[in-house]
Amino acid sequence: MEHTRLTVTLQPGHGTLARLAATLNNHHVLDLTYTTAPANTATAIVCVAQSDALRAQHKLCRLVDVIEVTPAPASPDTAGAADVPHTRHPTAGAPRL
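Residues numbered from 1 in each chain as written. Predicted model: local features only at pLDDT ≥ 70, side-chain atom pairs only at ≥ 80, totals over all residues. Heavy atoms only, no water.

1. Things to note about empty space enclosed by the protein
In this structure the tally under the stated criterion is one cavity of 30 Å³ or more. In this structure, the largest cavity occupies an estimated 40 Å³ of space. Around the largest cavity, the lining residues are Leu-10, Thr-16, Arg-19, Leu-20, Leu-63, Val-64, Asp-65 and Val-66. Looking at the lining of the largest cavity residue by residue, the class counts come to five nonpolar, one polar and two charged. (1 Å grid on protein atoms, 1.4 Å probe; cavity = no way out; pocket = protein on both sides within 12 Å on 5 of 7 lines; lining within 4 Å. Points joined across faces, edges and corners; volume = space filled by probe spheres on them. Nonpolar A, V, L, I, M, F, W, Y, C, P; charged D, E, K, R; others polar.)

2. Remarks on helix 1 (residues 16-23)
Those residues of helix 1 that sit buried are Thr-16, Leu-20 and Thr-23. When helix 1 is viewed along its axis, its buried side chains cluster within an angular range of 65° and face the same direction. Exposed side of helix 1, more than 90 degrees from the buried face: Ala-18 and Ala-22 are the residues found there. In this fold, the buried residues of helix 1 make contact with strand 1 (3-10), strand 2 (29-37), strand 3 (41-49) and helix 2 (50-61). (Buried < 20%, exposed > 50% of the residue type's maximum accessible area, 1.4 Å probe, protein only. Helix = DSSP H or I, 4+ residues; strand = E, 2+ residues; numbered from the N terminus. Arc of directions from axis to C-beta. Contact = heavy atoms within 4.5 Å.)

3. Points about the pattern of salt bridges
Tallying each qualifying case throughout the model produces one salt bridge. With a shortest N-O distance of 2.5 Å, Arg-19 and Asp-65 are connected by a salt bridge. One end of the pair, Arg-19, is in helix 1; the other, Asp-65, is in the loop between helix 2 and strand 4 (66-74), with 46 residues separating them in the sequence. (Salt bridge = Lys/Arg side-chain N within 4 Å of Asp/Glu carboxyl O.)

4. Details of the confidence of the model for the protein chain
Per-residue pLDDT for the protein chain averages 80, and the proportion of residues at 70 or more is 75%. Every residue in residues 78-97 is under pLDDT 50, and counting partners more than four places away or in other chains gives 19 contacts. (pLDDT = per-residue confidence, 0-100.)

5. Quick word on unusual backbone geometry
Despite not being glycine, Asn-40 shows a phi value in the positive range, around 60°. Take Asn-40: it is sitting in the loop between strand 2 and strand 3.

6. Overview of a nonpolar patch on the surface
Taken together, the side chains of Leu-17, Val-29 and Leu-32 define a hydrophobic patch exposed on the protein surface, amounting to about 200 Å² of accessible area. For Leu-17, the location among the structural elements is in helix 1. (Patch = residues over 30% accessible without salt bridge, like charges linked within 9 Å, V, L, I, M, F, W, Y side chains within 5 Å. Areas by Shrake-Rupley, 256 points an atom, 1.4 Å probe, with all protein chains shown as cover.)

7. Examining the nonpolar core
Membership of the largest hydrophobic core comes to 15 residues, with the highest contact counts inside it found for Leu-6, Val-8 and Leu-60. Within the residue set of this core, elements represented by two or more residues are strand 1, strand 3, helix 2 and strand 4. Looking at which element gives the most residues to this core, the answer is strand 3, with four residues. Aside from chain neighbours lying at most four places away, what touches Leu-6 is Ala-44, Ile-45, Val-46, Val-48, Ala-53, Ala-56, Gln-57, Leu-60, Val-69, Thr-70 and Pro-71. (Core = buried A, V, L, I, M, F, W, Y, C linked by side-chain atoms within 4.5 Å.)

8. Quick look at the pairing of strand 3
Strand 3 sits mainly inside the fold: seven of its nine residues count as buried. As defined by bridge partners, strand 1 adjoins strand 3 across eight bridges and the pair is classed as antiparallel. Across the sheet, residue Val-8 finds its bridge partner in strand 3, namely Ala-44. Both strand 2 and strand 3 contribute to a ladder of eight bridges, which runs antiparallel. Residue pairing for strand 3: Val-29 is matched across the bridge by Val-48. The turn linking strand 2 back onto strand 3 is made up of three residues, and Asn-40 within it adopts a positive phi angle of 60°. (Pairing = 2+ DSSP bridges.)

Here it is in structure tokens:
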């Protein structure tokens, strides 16, 4: 599946991550990474299906906390291969292998 990586620069605040997740709720999100920095900025890297990328980008740009959204095409092998650390949690109720 072709996908696009959206790099979102945010100003973190109370509920920022929840608003980000709610905004992306109706899109096919393949990976989401969220990191904060001491300089009161945050970065989210969102991998979405290419068919959802433009709509997701427009919706993210309307969020009050968002400073910038930068799209970049990504290959299927590099989903989640950003330079920021992240933790993956198994889906609730999914069996652990």
